[in-house]
Each structure stands twice: as structure tokens, then as C-alpha cells.
Amino acid sequence: LLTRTTPVQTMVLPSIQSNPLLLIRFTPRTPRNLINNVIERLSQGGVAVTTSEGLSSSGCSVVLGLTTTQQLLENEAELVKLVKPSRTQYSHIPLTMEHFSVASRGDFVNLNVSFSSDDDDMNFDSEGLFTSSDRAFLLESMLNSIAVLDKGQEASDLTRCFDSQNVVYLEDTCQHNSKSLCQVLKSNGFVDVVCPVHQPYLREKILKETVCLKSPLPLQHIREYYGEGVAFYFAWMQFMTRWFVYPGILGLVVYLIRMYRGDTIDNCEFTPFFGFGTFIWAILCNQYWVRREARLSYKWGTFAPVTSYRDQRPNYVGEMRVSKVTGKMEKHYPCHKRRLMIAISAIFTVVLLAGACVVMVISMNVQGYISREDQEEFEGDHPLYFPRFARLAEKDAIFDCNSVWKSFLPVLLRSLMVTMMNKQYRVIAEYLTEWENHETSFDHNNSVVLKRVLFEAFDAYIILFYLTIYERNIYLLRLELVGAFSVDTFRRLVTECALPYIMQTLSKKDEQKSMSASKKNDDLKQVSGSSLSSEADLEEYEQFDDLIEMLIQFGYVTLFASAFPLAAFVAVGANYVESRTDLWKLTRLCRRPSPNRIESLGMWNKILRVMVWMSALTNCLIFAFASSQMRQWLPENYTTNEWGKSTLVDSTADETLLIMFAIEHALVLVGLVLLHFVPPVPGFILAEVEKRQWLHDISAQKARLRMMKVSSIRNLGPHEETATKLEAKEQGDGSSFLSVLKSVTG
């Protein structure tokens, strides 16, 4: 992976001395003397203000452009153990991934090399060290590490301002350990935006590559500009779009065969094999994506065995104690308390899911999935039948389920309702996770993802599972899949791109009118080509929304493959368009997100893996019970009831169940065998890690020998000639110290 050292075309980033890397926006309620004291405190921490907007005005927001020096960035890179390509002195290992060190910066600088065909054009600073996302990440790390007070300091002009506002800024009043300045400003409503500043040249460059439909997504440029977190999402989307081609083509073939034979989705004898094949495809797809992640994370310096950076959240609270590892003071929060809070959060989430379940039941009545006929078939009262809502789906009613257009309305209304519920639960999930008090951002984000995915996947799949397991009606299942798939795709394009673009265009027109009426110069010069205030007003990029859409789509394709074989075929085109629109939206309509150095999609991969294994069972259930597909192979095991539905014969029901679970277990066994022969980490990545470990062992061995040499030379005392020979011979032919000592001294 790191043996290709071809020079590449490099664009040198603008100097950080005059161009801000981050912007911070103070709310109108923030006193001006507090802002001035914050500026002074930031300068003491090495963060300089190059640009200000609104500082000389009163009653409006103040936006500051922040930067620092190259030397301080390099110091911070060493502190956070930033991993970069490094030269070695061995010809068979020209490069390795290593933690950046200021002492050995010569091994890192001007190392603009190409590791793959995707790196034809790279963007670094003048030293060839940091990308634009590296700069933003390091400066934000510096910003978060600046405390309100230095250690040992008891008061300052800044703390007196906080005292006048009744702001708590101390972690421990006894030891005067102060909180992070940025954390205090955010939690008390003085600051509402902290984000990297858009770089006009790189921004336009990514936009041009995005709208060029013939070329792939500029993944390397995305990583250099937005960081690994955003780059992994677009890498996943690009990967999935390509892999969806295989089941897409197979599903199209099955569909054409079904049309040629005149079969339906209910009685096609070939469709089950497509469902089983989709499970095998999903196993391989998920495993090869993990391998792709390993390759990218090693190349980007976030691979777990190489990097050891795990940041502690600024909002993490705990009692100060002596660390058992470092012997220094650290925050500690008991695990049993966190587990109790997680349990309480889980109970609260279940209660909310019960409320969402009621909404879904009403929706099924309105859509005609639960009707008067179901009530008549059910022995007794149908537990989910609500006549008041079910009448709305009857013939000539407002949501007539037999009408193409009227039946589409409840699907659209449910989509809007689900969007509203998900938006509300997002706030609740963030609050519950903050209450759980996770130590690292990694654990915090995983907890938020798990809660929100559980809630939103429940909303998306509950009706489909009801139709599969309870109603066992493949026609309604396919109808719901097609409707949900179509509405969801249309909603994403409209709500995420069209509406934000229209709203931003109208907002810019109003802003230009007000700016032309009163235009004032601030204390410091402004950023050329853009306004920091306008950037701060942009929409915040919510990556979770993009990831959950891909996850739900993956579930449509895999969990219910036997009911909608064309889902993957449609997903190829939808993903190709959405990958472009998502990148366009991020670059054109959103604030630049803070870089997130991750090694993989984390919790998303675990959820994907669960869905893959579940698809073996769901497709077998569709094959055996929700359709007549299994009846085509075992006709004697089924009969038709008085309502025209296919049901199991009582005498062979056990045999049918046994066959279904045997097929499901066989699929699982095949999946396990495939995982055994396709390791999650490519062999050449493991070889690179072993090379790095070998280099560390050699360095440690040399360090020990140098210490032995110094000690032995001192013990030689007056024998300066012998000592000189010893040192010269060791350096001349690289002999081991003990052999040299023996040859020189006899």
C-alpha cells in the first residue's frame, strides 16, 4: 500500500497567517466586554483572531475568524498523535504510517506521494504536512483544550465577567480546575456556531467534480477538505452503488422471466432463489466494505492498530481522581451509574416506540391494510382494527385503497408524520445520551446512533414486518415497499436539496438588500470572496440523515428481496443521483462540518451486520408463509381457505416449518463459511502494520545500544583512543555494539 512514491500534482493551501481556519459566532446577548476577554484568552492559548464581523456594532451577532501558527499546529499534531506518512532509512520500507513528531518532522515534510490512482491531485500546506481538514481538526483541538483559567490561576478579567453573569466555569471548586472555555461559552448560550471556514478554491473544485457525471466522486478531495467522517459516508455510498448493480441485474432478469411466463410475485418459483442469493450477496457486500474501510483508514491514518487518539468529551463530568494508568489527576464516572442511566434511557425509548406503534397502526387502517374483511376473518375482535379510521380506506372514501391517487395520499401523510416524529426524537435522543455521560465522543456518537436508528428503523419497517408475519400478504407487502421506496426517494430530493436551495436563495436576496442599505467596516479585515456571517447562517450538515437513508434502503433491498426484486435495480440510479446531490448540498448549502477522525462507520457497521443476518429469516418467511412461492415446490403442503388465501395443511405444517428453518440455517452456514474465507482486514494492511512494529522494535533496540555505549565509554575512563575507535567503528559499518567492543578492546 505504501510502496508507491510517485510525485503528484499538489495545490499549496493558503497561508494560515492571514486566512481564518475556524469561525466562532457569539449570540446577540453576549456582552462585548466578555467577547474581548475571550479574544484575549484565546490569544494566550495560541489562537489568534484574523477577522471579525459585527464586533463594533451592538445588539447583533459577532463572528470571529480564528487561526494559529504552523509551529503550534505541529505541536498539537504531536499531542493528539496525528498519523501521517513518514520516510524510513530502509530501502525495502520507504514509507510507513507514523505518529507525527516535531523532533523528526524532516521525515514527514514535503512527502507529497501517491498511494493509489485516486491521489492524482492532492492539497497540502506549504510544508507538505497538513491538509485543509487536518488544519481545521488541529485548531479545533487547540480551541477545545483552552481552559477558562490556567492551572494555579484563581481569577482573571474573563472569570469576573463570568461571575457577573452567574456562569459556572470550575470543574472542582476545591482544586480550581476550570472547564474548557469553548464548552462554557456553548453551554451558557454565548456561542451557537463553531465550524471550519470554507476555502473558496477547494470548495469550487469539489463542486466542479461533483457535477461532472462521468467522473467518480472526488473521494480524496472530500477527505482532504471535510475529514474522514464525511469521506467514509461518500465512500460507502459509492461502494454500495457499485455493489447494488449485481442484485439489480439479477432482479431485472427475474422480473423479465416472470413477465414472460405470466407469473405473479406470489407464485413465481424463481423469485425465492433471488431472495436467497441476495442474502449471500449481502454477506459478501458487508464484508468487502469492512475491508475497504480498513484500506481507507490505514491510508488516512486512522486505522485502529496505528492510531491511539480517543478524545475526551468536553461535556463529560466526573469526580477527579488519580489515574491508575498515568498517575495523574483525571475525571472518573462509575460504570454502574452509567449502566443504570442507559437502562432508564432504554425504558423511555421503548415507551416512545409504543407511541410510534400506535401511529403506525392507525396508518395501516387508513391505508386499508387492516380492513373490515380482516375483522371478519379474525376469530373475535381484531386487536388492531379501528373502524373509524378503516372506513376512510373503503370504496369512494377520502383514502380509497382501490384508487391509485387516493391510496397514495396516506403514504405521503405517513411519511410526513414519520419525519416529524424522527425530528422530535432526535432532540430526545441527544438529551438522553448526554444524560448517560459517555467519556469519549466515539462512545457518545455510537449511543446516539443506536437510539435514533432503532426509532427510525422501527418507523420504516414495522408495517412491512406486520404484512410479512401477521397478514402474510405479499401483494400488500410489495405495494407498501414500492410506495415507501418511491415516496422516500422523492422526499429526500425535495426536502434536502430543492427546498434548502430555494430558501437560501430567498434569504440571500433579503440579506443583499439589507447589506446594501447599511454596510460597515469592522476592526479587522474580512475574508476575501465570502462573509463569515453568511457562512455561519448556513444550514448545519446532519450526516445522520444521509446515513439512515442508506441504511433503510439497504433494508428494503435485503430484508424483503423476495417481495421486491427490482429494489436493487432502482437503488443503483437513486444512489448515483443522491451521491451527487448530497455532495452538492454539503458543499453549496451547508456549513463546513468539523472534521471527525474515525476508522470506520462504527455502530452503523454493526447495525448493517444485524440486518444482513435477519434477511435470511425474513426472506424464508416470505418464501414459506407470506406468498405461494413455496407452494410451487410443495403443493401438497398447502391449501386454499374460504377467503382465497394460501394456508398450510395441518398434517404437513411441521414438515413445512422444518424445511423453512433448514433453508434458513443452511443460508446462515454458507454465510459463516464465506466470512471465514474473506478476512475483514486485507493481508497487505496487516503486513504494513507488522513492518511498522518491526521499525519500532529496531528503534528501541538502537536506543538501548546507545545507552549501553554511553555507559561503557564512561567506564573506559582514560582510554580515550579506545573510546574513539569504538564509536567510529560502530557508526562506520553498523556493527552491533557488543561485537565492536570485543574487536576494539580484545
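The structure presented is a predicted model; accordingly, all values stated were derived computationally and were not measured. (Residues numbered from 1 in each chain as written. Predicted model: local features only at pLDDT ≥ 70, side-chain atom pairs only at ≥ 80, totals over all residues. Heavy atoms only, no water.)

Attention now moves to the overall build of the protein chain. Each helix and strand counted, the protein chain has 24 helices and 16 strands in total. Buried positions account for 49% of the 746 residues belonging to the protein chain. Accessible surface, the protein chain: about 35,900 Å² in total, of which carbon and sulfur atoms supply 59%. (Helix = DSSP H or I, 4+ residues; strand = E, 2+ residues; numbered from the N terminus. Buried < 20%, exposed > 50% of the residue type's maximum accessible area, 1.4 Å probe, protein only. Areas by Shrake-Rupley, 256 points an atom, 1.4 Å probe, with all protein chains shown as cover.)

A word on helix α4 (residues 157-164). Within the span of α4, buried status applies to Leu158, Thr159, Cys161 and Phe162. Seen along its axis, α4 keeps its buried residues to an arc of 155 degrees; they face one direction. Of the surrounding elements, those touching the buried residues of α4 are α1 (32-44) and α5 (181-187). Asparagine 166, located one to two residues past α4, shows a positive phi value of around 60 degrees. (Arc of directions from axis to C-beta. Contact = heavy atoms within 4.5 Å.)

What follows covers the pairing of strand β13 (residues 319-322). Pairing of β13 with strand β14 (residues 329-332) involves four bridges; the strand directions are antiparallel. Looking at β14, one finds that glutamate 319 is bridged to histidine 332. Linking two consecutive strands that pair antiparallel, namely β13 and β14, is a turn of six residues; a positive phi of about 80 degrees is found at glycine 327 within it. (Pairing = 2+ DSSP bridges.)

A separate point is the confidence of the model for the protein chain. Considering every residue of the protein chain, the mean pLDDT works out to 82; 84% of them sit at 70 or more. Contacts of residues 3-8 to residues separated by more than four positions or lying in other chains number 19 contacts, the stretch itself having pLDDT below 50. Low pLDDT, under 50, characterises residues 518-530; the stretch is placed with 25 contacts to residues that sit more than four places away or in other chains. (pLDDT = per-residue confidence, 0-100.)

The next subject is the pattern of salt bridges. Any two side chains of opposite charge can pair, so long as their charged atoms come close to each other. Under the criterion given, the structure shown has 20 salt bridges. Measuring nitrogen to oxygen at the nearest pair gives 3.2 Å for the salt bridge that ties glutamate 98 to arginine 692. In this pair, glutamate 98 is assigned in strand β7 (residues 93-99) and arginine 692 in helix α22 (residues 683-716), connecting sequence segments 594 residues apart. Across this residue pair, the class does not change: glutamate 98 and arginine 692 are buried. One network of salt bridges, in which partners are shared, links Lys84, Asp134, Arg223, Glu228 and Arg597. (Salt bridge = Lys/Arg side-chain N within 4 Å of Asp/Glu carboxyl O.)

Moving on: the nonpolar core. With 100 residues, the main nonpolar core has Phe234, Met240, Trp281, Tyr461, Phe554, Tyr556 and Trp604 as its most contacted residues. For this core, the element with the highest residue contribution is helix α20 (residues 603-626), accounting for 14 residues. In contact with phenylalanine 554, other than residues within four places in its own chain, are Met240, Phe244, Trp281, Ala282, Leu608, Met611 and Val612. (Core = buried A, V, L, I, M, F, W, Y, C linked by side-chain atoms within 4.5 Å.)

With that settled, the discussion passes to the side chain of glutamate 480. Topologically, glutamate 480 is positioned in helix α16 (residues 474-517). Here glutamate 480 is in contact with Gln367, Tyr369, Arg414, Ile463, Leu464 and Leu467, once residues within four sequence places are set aside.

Relative to the helices and strands, glycine 483 is located in helix α16. The spacing of glycine 483 and serine 407 is 76 residues in sequence and 9.8 Å in space, taken between C-alpha atoms.

A cluster of nonpolar residues, Val245, Ile249, Val253, Ile257 and Phe270, forms a patch on the protein surface that exposes about 370 Å² of accessible area. Inspection of the secondary structure puts valine 245 in helix α9 (residues 245-261). (Patch = residues over 30% accessible without salt bridge, like charges linked within 9 Å, V, L, I, M, F, W, Y side chains within 5 Å.)

Glancing now at the sheet that holds strand β4 (residues 48-53). Read across the sheet, four strands follow the order β4-β5-β3-β12 without closing on themselves; strand pairing throughout is antiparallel. Unpaired on one side and paired on the other, β4 and β12 (191-196) mark the two borders of the sheet. Between one strand and the next, the sheet's axes are offset by a mean angle of 20 degrees, whatever the strand orientation. Seen against the sheet, helix α3 (residues 132-145) touches β3 (22-26), β5 (62-67) and β12 and runs at an angle of roughly 45 degrees to β3. (Axes fitted to C-alpha atoms, helices over the stretch in contact; angles between N-to-C directions.)

This paragraph deals with the packing of helix α6 (residues 200-211) against helix α19 (residues 567-589). α19 packs onto α6 with a crossing angle of 160 degrees between their chain directions and a minimal axis gap of 10 Å. If you check the angle between α6 and α19, you find them roughly antiparallel. Our pair here, α6 against α19, has a crossing hand that is left-handed. In this structure, α6 uses Arg203, Ile206, Leu207, Glu209 and Thr210 to contact α19, whose residues at the interface are Arg580, Leu583, Trp584, Thr587 and Arg588. In the contact of α6 with α19, the residues fall into four nonpolar, two polar and four charged. (Parallel < 35°, antiparallel > 145°, perpendicular 65-115°, else oblique. Left-handed = near helix turned anticlockwise from the far one by under 90°. Nonpolar A, V, L, I, M, F, W, Y, C, P; charged D, E, K, R; others polar.)

End to end, helix α10 (residues 271-300) covers 42 Å across 30 residues, agreeing with the expected 44 Å (1.5 Å per residue, within 8%). A large share of α10 lies buried, amounting to 22 of its 30 residues. (Expected span 1.5 Å × (residues − 1).)

A few words now on unusual backbone geometry. What is expected of a backbone is that most residues other than glycine have negative phi and most peptide bonds are trans. Unlike most non-glycine residues, asparagine 166 shows phi in positive territory, near 60 degrees. Tracing the backbone shows asparagine 166 in the loop between α4 and β10 (170-172). We classify asparagine 166 as exposed; its relative accessible area is 69%. One non-glycine residue with positive phi stands out, namely arginine 472, at about 50 degrees. By the secondary structure assignment, arginine 472 is in the loop between α15 (441-471) and α16.

Below, the discussion takes up the packing of α10 against α20. With their axes 9 Å apart at the nearest point, α10 and α20 run at an angle of 175 degrees to one another. Overall, the two elements α10 and α20 adopt an arrangement that is roughly antiparallel. Between α10 and α20, the contacting residues are Pro272, Gly275, Phe276, Phe279, Ala282, Ile283, Asn286, Trp289, Val290 and Glu293 on the first element and Asn605, Leu608, Arg609, Val612, Trp613, Ser615, Ala616, Asn619, Cys620 and Phe623 on the second.

This paragraph deals with the environment of lysine 406. Take lysine 406: it is sitting in the loop between α13 (387-390) and α14 (408-436). Exposure remark for lysine 406: the relative accessible area of 33% places this residue in the partly exposed category. Sequence separation between lysine 406 and glutamine 367 is 39 residues; the distance between their C-alpha atoms is 9.5 Å. Those residues in contact with lysine 406 that sit more than four places away from it in its chain are Asp396, Ala397, Ile398, Phe399 and Asp400.

In total, this model carries 26 aromatic pairs according to the counting rule given. Residues phenylalanine 273 and tryptophan 633 carry aromatic rings whose centres are separated by 5.7 Å and whose planes lie at 80 degrees to one another, so their mutual orientation is edge-to-face. Within this pair, whereas phenylalanine 273 is found in helix α10, its partner tryptophan 633 is found in the loop between α20 and β15 (638-640), the two being separated by 360 residues in sequence. Classification of phenylalanine 273 by relative accessible area gives partly exposed; the value is 48%. Accessibility expressed as a relative area gives 45% for tryptophan 633, which makes it partly exposed. What links up through ring pairs into an aromatic cluster is the set Phe239, Trp243, Tyr246, Tyr288 and Trp289. Over the ring of tyrosine 225 we find arginine 592; its NZ or CZ atom is 4.1 Å from the centre of that ring. Between arginine 597 and the ring centre of phenylalanine 137, over which it is positioned, the NZ or CZ distance is 5.8 Å. (Phe/Tyr/Trp six-rings, centres within 6.5 Å; stacked < 30°, edge-to-face > 60°. Lys NZ or Arg CZ within 6 Å of the ring centre and 35° of its normal.)

So, about the environment of isoleucine 257. As for its position among the elements, isoleucine 257 is in helix α9. Judged by relative accessible area, isoleucine 257 falls into the partly exposed class, the value being 34%. Note: C-alpha distance between isoleucine 257 and phenylalanine 270 (13 residues apart in sequence) is 8.6 Å.

Right, let's talk about the side chain of arginine 223 for a bit. Of note, arginine 223 is situated in helix α7 (residues 219-226). Residue arginine 223 is classed as buried on the basis of its relative accessible area, which comes to 6%. Among all residues touching arginine 223, those that are not within four sequence positions of it are Thr131, Ser133, Asp134, Glu228, Ala231, Trp300 and Arg597.

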